[in-house]
Amino acid sequence: MFMKLLDRLEEVLIATLMAAATLIIFVAVVHRYASGVPVIQDYVLHWNLAWAQELCIYMFVWMAKFGAAYGVRTGIHVGVDVLINKLDTPARAKFIVFGLLAGALFTGTVGTLGANFVWHMADTDQTSADLEWPMWMIYLAIPLGSYLMCFRFLQVAWSFIRTGELPHHDHGHVEGLEEDKTDQQRAAQDVNWYEMDDNLHPHDRAHHSGPKDTGPTSSGKETKR
């Protein structure tokens, strides 16, 4: 229940920040061009939107920090794993776990340093230029986003150790739309990237069905399983 609530809160926060920033930028651009129209410029010039650019910058910073955590959870981050995919299954699994734990260590360190920075900034009266908001509230995105990303790395690592599965994102899937499984042509085009043994696509123990390690049979001979 808590995990579903956290996932939903993460998605709603990112979507809200993205939509609000887009709307504010649109209004600011319209206001800029409308200020040069003789008919309405006297009315439009009374609107003070000097704060719009600063607010959008802060909103995109928050969106990026929490979006990075969302990317870890859903597996949409780009990774260079050509060499790792050439390894056999046990060695590849160890490197994957090491990479996830290294990511957790890095983001946890950034979160701790960011929390210390915010703690000391809260003792000052520093505010933003246009909005005049306390800067410690704005920089709070660093520890919160980094700690959430650290948690996501640990979550993915624990899930991989238990099930051998890594999160992966289907770019052709649209949330809320059901796939038409009766369409044979589309079904033939669907590809499981985890089954492509070309060292260019992600692998994990649960989906990869390529050549496995050899082992002895009952007769003592080596054979592929």
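Everything below is about the structure printed above this text.
Caption draft 1: Region of the structure containing helix H7 (residues 141-163). Between the first and last C-alpha of H7 there are 32 Å, a value that for 23 residues agrees with the 33 Å anticipated at 1.5 Å per step. On its buried face, H7 sits against helix H1 (2-34), helix H3 (52-74), helix H5 (89-121) and helix H6 (135-138).

Caption draft 2: Seen up close, the nonpolar core. Counting residues in each nonpolar core, the largest one holds 32 residues, and the members touching the most others are Ile 24, Met 59, Leu 100, Met 149, Phe 153, Phe 160 and Leu 166. Every element with two or more residues in this core is listed here: H1, H3, H5, H6 and H7. Considering each element in turn, this core owes the most residues, ten residues, to H3. When neighbours within four sequence positions are excluded, Met 149 is seen to be in contact with Ala 68, Ala 69, Val 72, His 77 and Thr 107.

Caption draft 3: Broad picture of the pattern of salt bridges. Counted according to the given criterion, the structure contains six salt bridges. Across the pair Arg 73 and Glu 11 runs a salt bridge whose closest N-O atoms are separated by 3.1 Å. With Arg 73 in helix H3 and Glu 11 in helix H1, the pair connects residues that are 62 residues apart, well separated along the chain. Shared partners join several salt bridges into a network, and the residues in it are Asp 7, Arg 8, Glu 10, Glu 11, Arg 73 and Arg 152.

Caption draft 4: Region of the structure containing the packing of aromatic side chains. All chains considered together, the criterion is met by three aromatic pairs. Here the aromatic rings of Tyr 43 and Trp 47 are separated by 5.6 Å at their centres, their planes lie at 75°, and the arrangement is edge-to-face. Between Phe 117 and Tyr 139, the aromatic rings sit 5.2 Å apart at their centres with planes inclined by 80°, giving edge-to-face as the arrangement. In this pair, Phe 117 sits in helix H5 while Tyr 139 sits in the loop between H6 and H7, placing the two residues 22 residues apart along the sequence. Overall, the relative accessible area of 30% leaves Tyr 139 in the partly exposed class.

Caption draft 5: Local environment of H3. In a regular helix each residue adds 1.5 Å, so 23 residues correspond to 33 Å; H3 covers 31 Å between its end C-alpha atoms and thus fits that length. Backbone geometry just downstream of H3 places Gly 75 in the positive-phi region, at approximately 75°.

Caption draft 6: Here's a closer look at the packing of H1 against H3. Where H1 meets H3, the axes come as close as 9 Å, and the angle between the chain directions of the two elements is 150°. With respect to their mutual orientation, H1 and H3 come out roughly antiparallel. As H1 runs across H3, the sense of the crossing is left-handed. Residues Asp 7, Glu 10, Glu 11, Leu 13, Ile 14, Leu 17, Met 18, Ala 20, Ala 21, Ile 24, Ile 25 and Ala 28 of H1 form the contact with H3, whose own contacting residues are Ala 52, Leu 55, Cys 56, Met 59, Phe 60, Trp 62, Met 63, Phe 66, Gly 67, Ala 69, Tyr 70 and Arg 73.

Thresholds, definitions, all that
- In this numbering scheme, every chain counts its residues from 1 along its sequence in written order.
- Local features in this predicted model are restricted to residues whose pLDDT is 70 or higher, and side-chain atom pairs enter the listing and the counts only when it is 80 or higher, whereas totals over whole chains, interfaces and linings include all residues.
- Working from all heavy atoms in the structure, the side-chain values ignore hydrogens and water.
- Counting from the N terminus, the helices are DSSP H or I runs at least four residues long and the strands are E runs at least two residues long.
- Helix span, as expected, comes to 1.5 Å for every residue beyond the first.
- Every residue pair with non-hydrogen atoms within 4.5 Å of one another is taken to be in contact.
- The term nonpolar core refers to a set of buried residues drawn from Ala, Val, Leu, Ile, Met, Phe, Trp, Tyr and Cys, joined through side-chain atoms within 4.5 Å.
- Note on exposure labels: buried denotes an accessible area under 20% of the residue type's maximum, exposed denotes more than 50%, and partly exposed covers the range between, all computed with a 1.4 Å probe on protein chains only.
- We define a salt bridge as a contact between a side-chain nitrogen of Lys or Arg and a carboxyl oxygen of Asp or Glu at a distance within 4 Å.
- In this scheme Phe, Tyr and Trp rings, the latter by its six-membered ring, pair at centre separations within 6.5 Å, and the angle between planes marks the pair as stacked below 30 degrees, edge-to-face above 60, and tilted otherwise.
- Every axis in this analysis is a line fitted to C-alpha atoms, fitted for helices over the stretch in contact. Angles between the N-to-C directions lie between 0 and 180 degrees.
- Here roughly perpendicular refers to angles of 65 to 115 degrees, roughly parallel to angles under 35, roughly antiparallel to angles over 145, and oblique to all remaining angles.
- Left-handed describes a crossing whose near helix is turned anticlockwise from the far helix through less than a right angle; right-handed describes the clockwise counterpart.

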